[in-house]
Amino acid sequence: MRLSLARQLHSKLTPHASRTVRRQYTTHSQLPSEHQMVYDMCRKFADEELAPNAAKWDKDHSFPREAVDKLAELGLMGINCSSDHNGSELDALSYAIAMEEISRGCASVGVIMSAHNSLYLYPIDAFGSDALKEEYITPFTGHEKDDKGELKIGCFGLSEPGNGSDAGAASTTAKDDGDEWIINGTKAWITNAHEAKAAIRDTTISNLECTLNGEKRHKGISAFVVPTDAPGFSLGAKEDKLGIRASSTANLIMDNVRIPKSNLIGELGQGFKIAMQTLDGGRIGVAGQALGIASASIDCAVKYALERNAFGKPISQLQSIQNMISKMVVARDSARLLTWRAALLKDNKEKYTREAAMAKLAASEAATMCAHQAIQVLGGMGYVSDMPAERHYRDARITEIYEGTSEIQHLVIAGDVLKEYKQNY
Amino acid sequence: MKILVPIKRVIDYAIKIRVDPTKGPHAVQTANVKMSMNPFCEIAVEEAIRLKEAHKNKGDEIVAVSIGPKQCSETIRTALAMGADRGIHIETKGDVRGDYVDLQPWGIAKLLKGVVEKEENVDLVLCGKQSIDSDCGQTGPLLAGFLNAPQATFAAKVTKEDDGSFIVDRETDAGTETIKLLPSDAPAVITCDLRLNTPRYPTMPNIMKAKKKPVQTISLEDMVSELGLDLDEVLKPKNQVVEVYEPPPRKEGEFVESVDELLSKLKEKGVVG
């Protein structure tokens, strides 16, 4: 039995072995020079421009406009888009590295960056027509401002008040009206809502015969780009969140909003597939963000432990503290390897759904654990806003919820594993 | 306008330097230590790019030169990502005196003089005022001497005039002085100080473009023979480092009871007259 298992696994592996694939990088020192430069640049930017201001932005719930403008100048708001559309043409691994370093400085700026890159730009880039890309990608890669002098940022509307994890139950509707679609409905929990100039929404086509059995539900969803200045489009109030407070989160309300027929992304009924594929890439971004929060927590805890004295010596010499530090670093490094693996699979154009879900699951759990432990290492100082540990704790929590809750990630992973076993054994 | 910018790869400025007694009386730990472009060299690269931008890019060329081991190519790539156009890497092997830090200003300046002459039509050499490892501050002035070039050190402001001269504000301990470097057959040599500018972050698109910019790699031995120099002469140290040691740990301060006591203590220590 065992021998046959080994043979089957081997035969699964050999088809890949003959192809030229990019090797897996496991440490920063192994990265090729362009990724090293991305790492160095983002890290320096985060240290100099983000970390010193993150606490203030969190306290004021204020959108860090200047910092995001600078981020855009560096090419980080169009990081994977082709240069034909004014993008930076970098790969998924660079994106993961950039997300980690930027989020290490400020997790809110991280989510602003990831929502724009993974959730807004990607679906249009991967499925949209050339005309749609010209109108909704080229001006949105961070190098153009609108008449108000504001950067053009996008957002992605999938969740609704009535469904989050149950993405197939979308109830926003789009009605075919000759040259236009008429959109009605509300999307909830949308990041960048208050700053977005365009939104992607997954809506159902209103079909009088539409039934609610499973298959029909998914196949009835289509994706559209909606400019946020369209008549009938309004925003809900900004949510008062526990963490990532500098990014805006709100409902998008559409009341008979008219958009041109050409604003359909991909084909009718392709919306669910577009959403799922978009989330795969988005999970790499969120994993990066979670890694950044974990790293920031580790930095905070270790530096504090080296200086804080108790029982006659720095607490870094105490076993309890050393155990905590070790656990944090193992969790963070494991999650980073999973994240880089998912990114490399994506760059090699291989299937990466399972690996992206694993990365996001591991990284978000590492973030909450590291942030929790960091407060424990700091003791009382971890509980007050003088030190960033309490902000990391609040910022970390969302990573286990958005872009697929941990429970959904488990379903995705298990589903893929079960499929593999059923097919092969 | 052609600008040559020599850049040095050094231990990153934020790292705490550790003396390494196993490597001889004047060595520091370099294994697994983060290395970066010398901050003053970064300022020089930034200034070159600004001059090119101010000149509306009329076919100006910025050439970054680095002398050192294989990893210097990364330092050159960073300069290219900031905006330099081309790189020259004079590669040294590990067995060149065991540690390329031993290659001293005299030898470096000789090599750079050769590069300037080989390149032809170099209008300006911009370098950092000193490197943060050896802190000699000699390479710029030595190069100017070898080239018989007009030079200004510790630049805090550089402007190019239409007639090809450079106006440089120099920061000295006694104050700022303004020097005009007249056009001559040799390129002007300017060394850059801290307050000259704040170097830019390389943008993502420029990082991608840097991959395609040409970098010529040539071994030290080949370069030396091409320039008609003598390898031993280039490598012979003119400075000898006698000792390297870590600064003594900070001593505890003293508490005093009154301002009068403070004043008398300060006078005792000769700090106040």
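Residues numbered from 1 in each chain as written. Chains lettered and ligands numbered in written order. Predicted model: local features only at pLDDT ≥ 70, side-chain atom pairs only at ≥ 80, totals over all residues. Heavy atoms only, no water.

Peer 1: Mind laying out the overall build of chain B, listing which residues take part and the relevant values?
Peer 2: Within chain B, the secondary structure is distributed over eight helices and 11 strands. With the principal axes as the frame, chain B shows a C-alpha extent of 70 × 45 × 40 Å. By residue count, 44% of the 273 residues in chain B fall in the buried class. The long-range share in chain B, meaning contacts at least 24 apart out of those at least 6 apart in sequence, stands at 72%. When the accessible surface of chain B is summed, it comes to about 14900 Å², and 50% of that surface belongs to carbon and sulfur atoms. Both charge centroids of chain B, one from 37 positive and one from 43 negative side chains, sit 4 Å from each other. (Helix = DSSP H or I, 4+ residues; strand = E, 2+ residues; numbered from the N terminus. Buried < 20%, exposed > 50% of the residue type's maximum accessible area, 1.4 Å probe, protein only. Contact = heavy atoms within 4.5 Å. Areas by Shrake-Rupley, 256 points an atom, 1.4 Å probe, with all protein chains shown as cover. Lys, Arg positive; Asp, Glu negative; His and termini not counted. Charge placed at Lys NZ, Arg CZ, Asp CG, Glu CD.)

Peer 1: Please give an account of the packing of aromatic side chains that cites residues and values.
Peer 2: Within this structure, the stated rule accounts for six aromatic pairs over all chains. Between A:Trp181 and A:Phe224, the aromatic rings sit 5.1 Å apart at their centres with planes inclined by 65°, giving edge-to-face as the arrangement. Here A:Phe224 lies in strand S5 (residues 221-227) and A:Trp181 lies in strand S3 (residues 180-191), a separation of 43 residues in the sequence. The same class applies to A:Trp181 and to A:Phe224, which are both buried. Taking 5.0 Å as the distance between ring centres and 85° as the angle between the ring planes, the aromatic pair formed by B:Trp106 and B:Phe146 counts as edge-to-face. Highlighted residues: B:Trp106 in helix H3 (residues 105-119) and B:Phe146 in helix H4 (residues 139-147), separated in sequence by 40 residues. Residue B:Phe146 is classed as partly exposed on the basis of its relative accessible area, which comes to 21%. (Phe/Tyr/Trp six-rings, centres within 6.5 Å; stacked < 30°, edge-to-face > 60°.)

Peer 1: A description of the interface of chain B and chain A should follow, citing residues and the corresponding values.
Peer 2: Tallying the contact residues gives 14 residues for chain B and 20 residues for chain A. A combined buried area of about 1400 Å² lies between chain B and chain A, and 70% of that area is made up of carbon and sulfur atoms. Taken together, chain B and chain A are joined by two salt bridges. Taking the shortest distance from any N to any O, the salt bridge between B:Glu42 and A:Lys44 comes out at 3.7 Å. At the boundary of chain B with chain A, the tally comes to four residue pairs in polar contact (both at pLDDT 80 or more). Listed by contribution, the elements that provide at least two residues to the side of chain B that touches chain A are helix H2 (72-82) and helix H5 (204-210) of chain B. (Buried area = accessible area lost by both parts, 1.4 Å probe. Salt bridge = Lys/Arg side-chain N within 4 Å of Asp/Glu carboxyl O. Polar contact = N/O pair within 3.5 Å; in protein donor to acceptor, adjacent residues only side chain to side chain.)

Peer 1: Describe helix H4 (residues 92-105) of chain A, with residues and values.
Peer 2: Taking 1.5 Å of rise per residue, the 14 residues of H4(A) would be expected to cover 20 Å, and the 20 Å separating its terminal C-alpha atoms lies within 8% of that figure. Of all the 14 residues making up H4(A), 14 are buried; the element is thus mostly covered by neighbouring parts of the structure. (Expected span 1.5 Å × (residues − 1).)

Peer 1: Give me a negative patch on the surface: which residues, what numbers.
Peer 2: Residue and element names in this part refer to chain A. A grouping of Asp84, Glu89, Asp130 and Glu134 is seen on the molecular surface, where their side chains present a negatively charged patch. Note that aspartate 130 resides in helix H6 (residues 130-136). Note on aspartate 130: relative accessible area 60%, which makes it exposed. (Patch = residues over 30% accessible without salt bridge, like charges linked within 9 Å, V, L, I, M, F, W, Y side chains within 5 Å.)

Peer 1: Please set out the pairing of strand S4 (residues 61-68) of chain B residue by residue, giving values where relevant.
Peer 2: Residues and elements named next belong to chain B. Within S4, seven of the eight residues are buried, leaving the element largely enclosed by the surrounding structure. Here strand S1 (residues 2-6) pairs with S4 via five bridges, running parallel. Residue pairing in the sheet places lysine 2 in a bridge with glutamate 61 of S4. Bridge analysis of S4 against strand S5 (residues 86-91) gives six bridges, and the strand direction is parallel. Looking across to S5, one finds that valine 63 is bridged to arginine 86. Each parallel crossover has a hand, and for S4 linked through H2 to S5 it is right-handed. (Pairing = 2+ DSSP bridges. Right-handed = clockwise from strand over helix to strand, strands pointing away.)

Peer 1: So what's going on with the confidence of the model for chain A? Which residues, and what values?
Peer 2: Residues and elements named next belong to chain A. Per-residue pLDDT for chain A averages 88, and the proportion of residues at 70 or more is 91%. Confidence, expressed as mean pLDDT per element, reaches its minimum in chain A at helix H1 (residues 2-17) with 50 and its maximum at helix H10 (residues 353-378) with 98. Contacts for the low-pLDDT stretch residues 13-18, under 50 throughout, to residues beyond four places or in other chains number one contact. (pLDDT = per-residue confidence, 0-100.)

Peer 1: Before we move on, can you summarise the sheet that holds strand S8 (residues 166-172) of chain B with the specific residues and values?
Peer 2: Residue and element names in this part refer to chain B. Spatial strand order, S9-S8-S7-S10-S6-S1-S4-S5-S11: nine strands in an open sheet with mixed pairing. Edge positions in the open sheet fall to strand S9 (175-181) and strand S11 (215-219), since each of these has one partner strand only. Strand-to-strand twist of the sheet, defined as the mean angle between neighbouring strand axes without regard to direction, takes the value 30°. With five bridges joining them, S5 and S11 adopt parallel strand pairing. Pairing of histidine 89 across the sheet is with threonine 217, part of S11. The sheet strands contacting helix H1 (residues 39-54) are S1, S4, strand S6 (124-128), strand S7 (151-160) and strand S10 (188-192), and the helix crosses S6 at an angle near 145°. (Axes fitted to C-alpha atoms, helices over the stretch in contact; angles between N-to-C directions.)

Peer 1: Any chance you could break down the pattern of salt bridges for me, citing the residues and the numbers?
Peer 2: All told, the structure shown has 41 salt bridges over all chains when counted by the stated rule. Salt-bridge contacts for A:Arg104 lead to A:Asp47; the nearest nitrogen and oxygen are separated by 3.7 Å. On the criterion of sequence distance, the pair formed by A:Arg104 in helix H4 and A:Asp47 in helix H2 (residues 33-60) is long-range, its members being 57 residues apart. Given the relative accessible area of 14%, A:Arg104 is considered buried. A residue is classified by how much of its surface remains accessible, and A:Asp47, at 42% relative accessible area, is partly exposed. B:Glu233 serves as the salt-bridge partner of B:Lys238, at 3.5 Å between the closest nitrogen and oxygen. Through salt bridges with shared partners, a single ionic network connects A:Arg43, A:Asp47, A:Glu101, A:Arg104 and A:Asp299.

Peer 1: Explain the side chain of A:Thr249 to me, and be specific about the residues and the numbers.
Peer 2: All names here are of chain A. Counting through the fold element by element, threonine 249 comes out in strand S7 (residues 249-260). Looking at threonine 249, its side chain comes within polar contact range of the side chain of lysine 241, at 2.9 Å. Among all residues touching threonine 249, those that are not within four sequence positions of it are Trp189, Ile190, Ala237, Lys238, Glu239 and Lys241.

Peer 1: Let's hear about the nonpolar core: which residues, and what values?
Peer 2: Counting residues in hydrophobic clusters, the biggest one holds 68 residues, and the most contacted among them are A:Leu76, B:Leu126 and B:Met204. Among the elements that make up this core, the one with the highest residue count is H2(A) (nine residues). Dropping the residues within four chain positions of it, B:Met204 is found in contact with A:Val38, A:Met41, A:Cys42, A:Leu74, A:Gly75, A:Leu76, A:Ile79, A:Ser88, A:Leu90 and A:Ala98. (Core = buried A, V, L, I, M, F, W, Y, C linked by side-chain atoms within 4.5 Å.)

Peer 1: Outline the packing of helix H8 (residues 271-307) of chain A against helix H11 (residues 389-397) of chain A, supporting the account with residue identities and numerical values.
Peer 2: All names here are of chain A. Between H8 and H11, the shortest axis-to-axis distance is 10 Å and the interhelical angle comes to 160°. Our classification of the angle between H8 and H11 gives roughly antiparallel. Taken as a pair, H8 and H11 cross one another with a handedness that is left-handed. Listed contacts from H11 to Ile293, Ala296, Ser297 and Cys300 of H8 are Ala389, His392, Asp395 and Ala396. Across the contact of H8 with H11, the residue classes tally to five nonpolar, two polar and one charged. (Parallel < 35°, antiparallel > 145°, perpendicular 65-115°, else oblique. Left-handed = near helix turned anticlockwise from the far one by under 90°. Nonpolar A, V, L, I, M, F, W, Y, C, P; charged D, E, K, R; others polar.)

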